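Listed here are the chains, written in short residue letters.
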Amino acid sequence: MPITGQGLRRHILHQSKRANVGHIGSALSVADILAALYGGVLRGEPDDPDRDRFVMSKGHAALALYAALHMAGHLPQDVLDTFSRDETLLGVHPHHGLAGVDFSTGSLGQGLPMGAGAALAAKLQGSRRRVFVLLSDAECNEGSVWEAAMFAAHHQLGNLVAIVDLNHQQALGYTKDVIALEPLEDRWRAFGWDVHSVDGHDQEALAGAMAGLSAGPPHVLVAHTTFGKGVSFMESQIRWHYMPMDDQQYLAALVEIGD
Amino acid sequence: MLLTADLGFMALEPFSDAFPGRFFNVGVAEQNMVGLATGLAEAGLVPFIYSIAPFATLRPYEFIRDGPLLHNLPVRVVGVGGGMEYGQNGLSHYALEDVAVMRAQPRMTVVAPADHMQARQAVLATAGVPGPIYFRLGKDDAVVVPGLDGAFELGRIQCIRDGADAAIMAMGPIAVEALGAAELLAARGFDCAVAVVAGLNPPPSDDLAMLLSGRRLAVTVEVHYANGGLGSLVAEVVAERGMGVRLLRQCVRTMPDHLVGSQRYMERMFGLSAEQLAEAMAQELAAL
């Protein structure tokens, strides 16, 4: 079955309902980005040391990653079904002990530094592997993101691709009200990055934008997304950063994504 | 590989000249340095990351925990000038809690060599450690602890002086003062053993218990706060093993946030010179 954002959304809703956990809106926001990555952009199997690396820097959307690993054939259904249970490797935030997860994350601002190190390692080792790092927009509040951005540009890490999930909201409010991010694309450009503005829900456009990136300065896709994408009553609603679904909401959400 | 956060003038050049392809000045960005090292180590490299001790440990502490520690990767964190070696530079440049926070992490190997010869041996002896290591280095390579001869073994202590009356345990270059105190006490008729404790984690518990067995006075000497350093470690061993030895912890008891001066001046402020240590111990020994 081809990996699609809608396919990932189905798993995200199933699993978050079964586990009764939140972060649903954040996971729905990045479903199409992960579908693009795991639907053909990332090269190499999880056990190949020369595989492309992926860092889910916005670790709280790990459920979208688990769904993508599942649809890519790296995570069997019975393991996916352990999400957020006792004795699972599939916690709310991703852990590198799980095959297919290169780096553990959960604390924002650490993914891009690790990703820059991984990209530098690939260059030093003469490898063509690339490193993709998915950040949340509010994660750009963290100073360490910009430390890594400066380093990557200085060393022209063209094998590093950051994707910023620009959904305009963070845990307690809209980014424009908490810490304004604009002009976000200009900020990345000023830091020396090759900036691409993309519709974060157009899987084909995302895959196309990422396909040829491997040289020059580091690349960033500013992916314009809608928080909670696909479920109208979650879209752009702050409360769906944390809230789990009740039975009625769950059924309504499934109808909306066509399940 | 060697990464520095823009420090190490007149110290790192021999490496950067010899191995320019393996040397990176990452700029004044310690958090990023730890993240970079994590990414490099995941790919099979062994990065040493260098800064002044507080900048290497306290600033990027969470990055160290979530990166090299959580992923169990061989990143070597090198903090130079532990204690108050940066004298007149003041508190911002002191590391008086670095051993405490580092040894709080079960997976972190913590090494505080007493001189450059022991540091060299410690780096060689720990080359095969799969997880991260924190090296707390002194910055003065003129310091040599007599009798130590560069000995180091992880999980062990190094005894450099025998004696029946008290056992003195020292962490870092202040071991020179501890040894000096033992010599001053010898002239006053007290015979004290001296041990260098350079491997703090994993704790050298068996060696410490053996050293303290049957003794009435144990003394720890360190340029570190009372909480979490060598004195704490020895207290843990003494308490957990139910040993009946009196423990005197010679360390830094208050925040040095007011007057500053040279390293020696600062250490004297906290009673850590050989003369002051000998005097404090003589009082304890006389009272036993």
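Look up a bit, the structure's there.
Residues numbered from 1 in each chain as written. Chains lettered and ligands numbered in written order. Predicted model: local features only at pLDDT ≥ 70, side-chain atom pairs only at ≥ 80, totals over all residues.

Draft legend 1. Quick peek at the interface of chain B and chain A. With 20 residues of chain B at the contact, the number on the chain A side is 21 residues. Elements represented by at least two residues in the side of chain B that touches chain A include exactly α2 (30–42) and α4 (61–69) of chain B. The element best represented in the side of chain B that touches chain A is α2(B), accounting for nine residues. Within the side of chain B that touches chain A, the residues separate by chemical class into nine nonpolar, eight polar and three charged. (Contact = placed C-beta atoms within 7 Å. Helix = DSSP H or I, 4+ residues; strand = E, 2+ residues; numbered from the N terminus. Nonpolar A, V, L, I, M, F, W, Y, C, P; charged D, E, K, R; others polar.)

Draft legend 2. How the structure looks around the nonpolar core. Ranked by internal contacts, the top residues of the largest apolar core, which has 170 residues, are A:L34, A:A64, A:A68, B:I168, B:A170 and B:A178. Of the residues forming this core, the biggest block, nine residues, is contributed by helix α4 (residues 62–71) of chain A. When residues of this core are assigned to domains, at least three fall in each of domain 1 (2–137) and domain 2 (158–287) of chain B. When sequence neighbours within four positions are dropped, the list of residues in contact with B:I168 reads B:A178, B:A181, B:A182, B:C192, B:A193, B:V194, B:V219 and B:V221. (Core = buried A, V, L, I, M, F, W, Y, C linked by C-beta atoms within 7 Å. Buried ≥ 20, exposed ≤ 12 C-beta atoms within 10 Å, placed from the backbone. Domains from an automatic or database assignment.)

Draft legend 3. Looking closely at the pairing of strand β4 (residues 76–80) of chain B. Residue and element names in this part refer to chain B. Counting buried residues along β4, five of its five residues qualify, which places the element largely inside the surrounding structure. Judged by which residues are buried, β4 turns out to be covered on both faces: R76, V78 and V80 on one side and V77 and G79 on the other are all buried. As defined by bridge partners, strand β3 (residues 48–52) adjoins β4 across five bridges and the pair is classed as parallel. Counted as the bridge partner of Y50 is V78 from β4. Across five bridges, the pairing between β4 and strand β6 (residues 133–137) is parallel. When the bridges of β6 are listed, V78 appears paired with F135. (Pairing = 2+ DSSP bridges.)

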